[in-house]
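Chain residues, written in single-letter form:
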Amino acid sequence: MAIYCVGDIQGCDSAFARLLETIGFSPSRDIVYLLGDLVNRGPESAAVLRRCMRLGDSARALLGNHDLHLMAAAYGVRQPSRRDTLRDILEAPDRAALLAWIAQQPLARQRDHAGETLLMVHAGVLPQWSAADTLAYADEVHAVLRSPELPQFLQQMYGNTPARWSDALEGADRLRAIVNGLTRLRFCTPVGAMDFESSESAAAAPPGLVPWFDAPGRRTRDVVVAFGHWSTLGWMSRADVLGLDTGCVWGGCLSAVRFGATLADREHLTVKCEQAQAPG
């Protein structure tokens, strides 16, 4: 059995299919973890979701900001922008099944591999959170996604505040902070206040900010964190973090990593993607 992680697909189903073929993926034998942003900006969002559904438990997804945006658009909370490519889902005959499948996906996953811990999120982990905290807070949001409170939650999901986590946060502020950390985070201050204005590469951090994974005292340094979301960062492979968004939708590559006997034993596998949209 092989274990894989795959970065942001963003509606590029043709590239996803070619990647699965390239890595020799077997649904009866292997497991692939999809690190969020399955949909939007690319031309085949509905096809991506249908492929994931056909793969069953061998494809284990988590939600990114574009996946949550799909849910908001479906409930009329946000109007699709001119760059969105969600119509094939919103007007699909199987729309209800596609949206129901999305709502069942969590915001974080964890896997034990050869005695080590792999924590998977879409964007980042606040430095104040341990791996156990991250999973617990993600579960708080996941419970709302599967509840009758979903439309109200989507109305309150958007916004940049509160910028800093506190265990005392409650209600919409608490859920919004969790969503922002797990699906939007790139940079933060050294004490963990989130920034949402900057999307530069990690080497071009604005003054006073650091990449979330370099924040002093980050409590997830004892596990390996795999994430996507940050296309200007690109492929990043360190002992403690693994970045997998290599800009498929922008004409880059769709990336997978295959783990060997340990989490440090990594094989980077890619397919070249046709450009669906121009950055910026």
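None of the values given here were measured: they were computed from a predicted structure.

(A) Geometry of the pattern of salt bridges. Scanning the entire structure with this criterion turns up 13 salt bridges. Of the charged contacts in the structure, one is a salt bridge between Arg50 and Asp94, with a shortest N-O distance of 2.8 Å. Linking Arg50 in helix α2 (residues 45-55) with Asp94 in the loop between α4 (87-90) and α5 (95-103), this pair joins segments that are 44 residues apart in sequence. A relative accessible area of 29% means that Arg50 is categorised as partly exposed. According to the relative accessible area criterion, Asp94 is partly exposed, its value standing at 24%. The salt bridge partner of Asp240 is Arg218, with a shortest N-O separation of 2.7 Å. Here Asp240 is found in the loop between β10 (236-237) and β11 (241-243), whereas its partner Arg218 is found in the loop between β8 (210-211) and β9 (224-227), with 22 residues between them in sequence. By relative accessible area, which is 3% here, Arg218 ends up buried.

(B) How the structure looks around the sheet that holds strand β4 (residues 108-113). Strand order in the open sheet formed by 5 strands is β4-β5-β9-β11-β10, with mixed pairing between adjacent strands. The open sheet terminates on both sides in strands that have one partner only, identified here as β4 and β10. Of the strand pairs in this sheet, strand β5 (residues 116-121) and β9 are connected by 3 bridges, and their pairing is parallel. Counterpart to Leu118 in the pairing with β9 is Val224. Across the sheet, helix α6 (residues 131-145) touches β4 and β5, and the angle it forms with β4 is around 140°.

(C) Up close: the nonpolar core. With 87 residues, the main nonpolar core has Leu34, Phe153, Trp212 and Leu254 as its most contacted residues. If we ignore the near neighbours within four places in the chain, the residues touching Leu34 are Val6, Ile9, Phe16, Cys52, Ala59, Arg60, Ala61 and Leu62. Cys5, Tyr33, Leu35 and Leu118 belong to the second largest nonpolar core, which has 15 residues in total.

(D) View of the packing of α2 against α5. Closest axis-to-axis distance for the α2/α5 pair is 10 Å, and the angle between their directions is 65°. Between α2 and α5, the angle is such that the two are roughly perpendicular. Once α2 is placed against α5, the crossing between them reads as left-handed. Packed against α2, whose contacting residues are Ala46, Leu49, Arg50, Cys52 and Met53, the element α5 presents Ala97, Leu98, Trp101 and Ile102 at the interface. For the contact of α2 with α5, the residue count by class is 8 nonpolar, no polar and 1 charged.

(E) Representation of the layout of surface pockets. Its boundaries defined by the atoms lining it, the largest pocket holds a volume of some 930 Å³. Taken together, 35 residues make up the lining of the largest pocket; nearest its centre are Arg41, Asn65, His66, Arg186 and His229. Counting only elements with at least two residues in the lining of the largest pocket, the list comes to α3 (65-74) and α8 (171-183). For the lining of the largest pocket, the leading source of residues is α3, giving 4 residues. Grouping the amino acids of the lining of the largest pocket by side-chain chemistry returns 9 nonpolar, 15 polar and 11 charged. Taken as a whole, the second largest pocket encloses approximately 150 Å³ of empty space.

(F) Region of interest: the side chain of Asp245. By the secondary structure assignment, Asp245 is in the loop between β11 and β12 (253-259). Put simply, Asp245 is tucked away with no salt bridge, and the nearest opposite charge, on Arg186, sits 6.4 Å away. Looking at Asp245, its side chain comes within polar contact range of the main-chain nitrogen of Trp230, at 3.4 Å. Within the structure, the side chain of Asp245 is placed 3.2 Å from the backbone nitrogen of Ser231, a separation counted as a polar contact. Not counting chain neighbours up to four residues away, the residues in contact with Asp245 comprise Asp8, Phe227, Gly228, His229, Trp230, Ser231 and Gly234.

(G) Inspection of the pairing of β4 at higher detail. In this sheet, β5 lies alongside β4 in antiparallel orientation, the contact comprising 6 bridges. The residue of β5 that forms the bridge with Arg109 is Met120. Counted along the chain from β4 to the antiparallel partner β5, the turn is 2 residues long, and its residue Ala114 has a positive phi close to 55°.

Rules used in this analysis
- Residues numbered from 1 in each chain as written.
- Predicted model: local features only at pLDDT ≥ 70, side-chain atom pairs only at ≥ 80, totals over all residues.
- Heavy atoms only, no water.
- Salt bridge = Lys/Arg side-chain N within 4 Å of Asp/Glu carboxyl O.
- Helix = DSSP H or I, 4+ residues; strand = E, 2+ residues; numbered from the N terminus.
- Buried < 20%, exposed > 50% of the residue type's maximum accessible area, 1.4 Å probe, protein only.
- Pairing = 2+ DSSP bridges.
- Contact = heavy atoms within 4.5 Å.
- Axes fitted to C-alpha atoms, helices over the stretch in contact; angles between N-to-C directions.
- Core = buried A, V, L, I, M, F, W, Y, C linked by side-chain atoms within 4.5 Å.
- Parallel < 35°, antiparallel > 145°, perpendicular 65-115°, else oblique.
- Left-handed = near helix turned anticlockwise from the far one by under 90°.
- Nonpolar A, V, L, I, M, F, W, Y, C, P; charged D, E, K, R; others polar.
- 1 Å grid on protein atoms, 1.4 Å probe; cavity = no way out; pocket = protein on both sides within 12 Å on 5 of 7 lines; lining within 4 Å.
- Points joined across faces, edges and corners; volume = space filled by probe spheres on them.
- Lys, Arg positive; Asp, Glu negative; His and termini not counted.
- Polar contact = N/O pair within 3.5 Å; in protein donor to acceptor, adjacent residues only side chain to side chain.

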